[in-house]
Amino acid sequence: MSFLNYETAKNILFKFQPETAHTIAGCGLRILGHFPLCLRMIKNRYFVSYPSLKQDFFGRTFHNPVGLGAGFDKNGEYITSTPALGFGFTEIGTVTPKAQKGNPKPRLFRLVEQRSIQNAMGFNNKGSLYMLKRLKKLYFFDYPIGINIGKNKLTSEADALKDYETLIKAFKDYGDYIVINISSPNTPNLRDLQNENFIKAVFELAKSITSKPIFLKIAPDMTQERALEISLCAINSGASGIIATNTTIDYSLTSNAKDFGGISGALLREKSFEFFKALASQLHDKTMLISVGGIESADDVYRRIKAGASLVQIYSMLIYNGPSMLKEINEELIKLLKKDGYTNISQAVGADYRS
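Everything numeric here is computed off the predicted structure, so don't read it as measured data.

Participant: Which residues make up the side chain of Thr82, and what values go with them?
Facilitator: With respect to the helices and strands, the residue Thr82 is situated in the loop between β3 (66–68) and β4 (89–95). Residue classification places Thr82 among the buried positions, given a relative accessible area of 2%. When residues no more than four places from it in sequence are discounted, the contact partners of Thr82 are Leu68, Phe87, Thr90 and Tyr143.

Here it is, written out as structure tokens:
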């Protein structure tokens, strides 16, 4: 698939409503997963593995640092196909204990001129039992997988901890890390859980259930000082790292925004980076950091690596650029590392803070 071919496919998909286009693309990825020869051919074209890009985390080798962000593969249905697109790892979910339909449609919108996406999906997914069945059938195991978990919409704030307990117990033997998602803007009052009492409780609970790495994903719509406070609380309570950031509800970024849902893509790039860098300047030597938000080039990735990210994630920009973007990022990243005299990407992590 050349870039031109993806442009042709994009032009067709963009004639459909965004959620319909996502369903069509997902169907294609599910079908592709049943054809190993085709998977290998596509993977050989897009997947970049090179010594300077390889890092080991959680007993797993990440062949390149660019992963697929949560929200694309909500039910763990595309895991087998994801490496063929060029991603070094994937994060599935957000999954909730019980299946739920999510928010009313329409709930997914393209901001084409701004190369961005606005979504108000609301954790629509088939539930934890379905996800478990998918993971048990998985035959492509040589690939790092994160599982992003969230509470059901109808679960009260008082009972939220029980939902996360259910999910941590369900997935403690699956995937390579778990992400506590309390930062989506699309579940009522979910962001209210971004407080020290809940964070302390959920991470202490998680560590009593599993030794698997547990991350906290945070929103960009709080002060940097507040983000640092809750991140330190999570780390001190057993978190293995921080993922920054989720989508934003800063609708001042564009006059084309709806007044609901979260914005991702190019509009989020600078806001996410500045937020991440402020946080990473204090945390890069204390915990593992994953950066996400509007990334689409090797320069984007490299500046986040140097700012303290060990890994990055992409979602919205894949929709606009296609899988050739992943290959271009990783090949250019190899050159950037070599230019600066690094033999491995881990040497560049946090370079901004070293004299």
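Participant: Lay out a nonpolar patch on the surface in plain terms, naming residues and giving numbers.
Facilitator: A cluster of nonpolar side chains, contributed by Ile12, Phe16 and Ile24, occupies part of the molecular surface with about 260 Å² of accessible area. For Phe16, the location among the structural elements is in the loop between α1 (3–13) and α2 (18–32). By relative accessible area, which is 37% here, Phe16 ends up partly exposed.

Participant: Summarise the packing of aromatic side chains; cite the residues concerned and give the values.
Facilitator: For the coordinates displayed, the defined rule picks out 12 aromatic pairs. Ring centres 6.1 Å apart and planes at 45 degrees place the aromatic pair Phe57 and Phe58 in the tilted group. Its relative accessible area of 29% is what places Phe58 among the partly exposed residues. Three or more aromatic residues link up through ring pairs in this structure, and these residues are Phe57, Phe58, Phe62, Phe89, Tyr177 and Phe215.

Participant: Give me helix α4 (residues 128–137): which residues, what numbers.
Facilitator: Those residues of α4 not exposed but buried are Ser128, Met131, Leu132 and Leu135. Take α4 and look down its axis: the buried residues cluster within an arc of 100 degrees, on one side only. Along α4, the residues that are exposed and aim more than 90 degrees away from the buried face are Leu129, Lys133 and Lys137. Here the buried face of α4 lies against β4, β7 (145–149) and α5 (160–171).

Participant: With reference to specific residues and values, describe the packing of helix α7 (residues 224–236) against helix α8 (residues 269–283).
Facilitator: In contact at an axis separation of 10 Å, α7 and α8 are set at 50 degrees when each is read in the N-to-C sense. On the basis of the axis angle, α7 is oblique to α8. For the crossing formed where α7 meets α8, the hand is right-handed. Contacts between α7 and α8 involve Gln224, Ala227, Leu228, Ser231, Leu232 and Ile235 from the first element and Glu274, Phe275, Ala278, Leu279, Gln282 and Leu283 from the second. Of the residues that constitute the contact of α7 with α8, the class distribution is 8 nonpolar, 3 polar and 1 charged.

Participant: Give me the lowdown on the nonpolar core, citing residues and values where you can.
Facilitator: Counting 81 residues, the largest nonpolar core has Ile149, Phe171 and Ile180 as its most contacted members. Top element by residues in this core is helix α11 (residues 324–339). It accounts for 7 residues. Excluding residues within four positions of it along the chain, Ile149 makes contact with Thr94, Val95, Tyr164, Leu167, Ile168, Phe171, Ile178, Val179, Ile180 and Asn181. Judged by nonpolar contacts, the second largest core, of 11 residues, contains Phe89, Tyr177, Met288 and Ile290.

Participant: Describe the pairing of strand β5 (residues 108–111), and please don't skip the residues or the numbers.
Facilitator: Neither face of β5 is left uncovered, since the one carrying Leu108 and Arg110 and the one carrying Phe109 and Leu111 both have all their residues buried. As defined by bridge partners, β5 adjoins strand β6 (residues 116–119) across 4 bridges and the pair is classed as antiparallel. Each bridged residue has a counterpart across the sheet, and for Arg110 the counterpart in β6 is Ile117. In textbook terms, the turn of a hairpin is the stretch between consecutive antiparallel strands, and for β5 and β6 this stretch comprises 4 residues, one of which, Arg115, has a positive phi near 50 degrees.

Participant: I'd love a proper account of the sheet that holds β6, names of residues and values included.
Facilitator: Strand order in this open sheet of 3 strands is β5-β6-β11, and the pairing throughout is antiparallel. Edge positions in the sheet fall to β5 and β11 (262–265), since each has one partner strand and no second. If you compare each strand with its neighbour and ignore which way they point, the axes differ by 25 degrees on average. As judged from the 4 bridges shared by β6 and β11, these two strands associate in the antiparallel manner. Looking across to β11, one finds that Asn119 is bridged to Gly262.

Participant: Go over the environment of Arg107, please, and point to the residues and values.
Facilitator: Structurally, the position occupied by Arg107 is in the loop between β4 and β5. C-alpha of Arg107 to C-alpha of Gly69: the two residues are 38 residues apart in sequence and 19 Å apart in space. Those residues within four positions of Arg107 in sequence are excluded, and the remaining contacts are Glu19, Lys101, Gly102, Gln118, Asn119, Ala120, Met121 and Asn124. There is a polar contact of 2.7 Å between the side chain of Arg107 and the side chain of Glu19.

Participant: Quick one: what's the story with the side chain of Glu91, residue by residue and with numbers?
Facilitator: Here Glu91 is to be found in strand β4. Buried and unpaired, Glu91 has no salt bridge, with Lys217 as the nearest side chain of opposite charge at 4.8 Å. The contact partners of Glu91, leaving out residues within four places of it in the chain, are Leu68, Gly69, Ala70, Gly146, Asn148, Tyr177, Val179, Ile243 and Gln313.

Participant: Quick rundown of the sheet that holds strand β8 (residues 177–181)? Include the residues and the values.
Facilitator: Spatially, the 8 strands close up into a barrel ordered β3-β4-β7-β8-β9-β10-β12-β13, and their pairing is parallel. Taken pair by pair, the neighbouring strands of this sheet meet at an average axis angle of 25 degrees, ignoring direction. The pairing of strand β9 (residues 214–218) with strand β10 (residues 241–244) spans 4 bridges and is classified as parallel. In the strand pairing of β10, Leu216 is matched with Ile242.

Calculation criteria
- What you see as residue numbers is a count from 1 along each chain, following the sequence as written.
- Side-chain atom pairs in this predicted model are given and counted only at pLDDT of 80 or more, local residue features only at pLDDT of at least 70, and totals for whole chains, interfaces and linings cover all residues.
- Side-chain descriptors were evaluated using all non-hydrogen atoms of the structure, hydrogens and water having been removed beforehand.
- Strands are runs of DSSP state E lasting at least 2 residues, helices are runs of H or I lasting at least 4, and numbering of each runs from the N terminus.
- Exposure classes here rest on a 1.4 Å probe applied to the protein chains alone. A residue is buried below 20% of its type maximum, exposed above 50%, and partly exposed in between.
- The contact rule is simple, with two residues in contact once any of their heavy atoms fall within 4.5 Å.
- Without a salt bridge and with relative accessible area above 30%, a residue can belong to a patch; like charges are then joined within 9 Å and nonpolar side chains (Val, Leu, Ile, Met, Phe, Trp, Tyr) within 5 Å.
- Accessible areas in this description were obtained via Shrake-Rupley with a 1.4 Å probe; residue shielding takes into account the shown protein chains only.
- Salt-bridge detection follows one rule: a side-chain nitrogen of Lys or Arg within 4 Å of a carboxyl oxygen of Asp or Glu.
- Whether two aromatic rings pair depends on their centres lying within 6.5 Å, for rings of Phe, Tyr and Trp, where Trp uses its six-membered ring; planes under 30 degrees apart make the pair stacked, over 60 edge-to-face, and the rest tilted.
- Note that the arc is computed from the directions linking the helix axis to the C-beta atoms.
- Orientation is described by lines fitted to C-alpha atoms, with helices fitted over the stretch in contact, and by angles between N-to-C directions that extend from 0 to 180 degrees.
- Roughly parallel refers to an angle under 35 degrees, roughly antiparallel to one over 145, roughly perpendicular to one between 65 and 115, and oblique to any angle outside these ranges.
- Whether a crossing is left-handed or right-handed is set by the direction in which the near helix is turned from the far one by less than a right angle, anticlockwise for left-handed and clockwise for right-handed.
- Asp, Glu, Lys and Arg are counted as charged, while Ala, Val, Leu, Ile, Met, Phe, Trp, Tyr, Cys and Pro are counted as nonpolar; the rest, among them Gly, fall into the polar class.
- In this text, buried Ala, Val, Leu, Ile, Met, Phe, Trp, Tyr and Cys residues form a nonpolar core when linked through side-chain atoms within 4.5 Å.
- One bridge is not enough; two strands pair if DSSP finds at least two bridges between them.
- For the purposes of these results, a polar contact is taken to be a pair of N or O atoms within 3.5 Å, where, inside protein, one atom must be able to donate a hydrogen and its partner to accept one; residues adjacent in sequence count only when each atom of the pair is a side-chain atom.
- In this charge count, Lys and Arg are treated as positive and Asp and Glu as negative; neither His nor the chain ends contribute.

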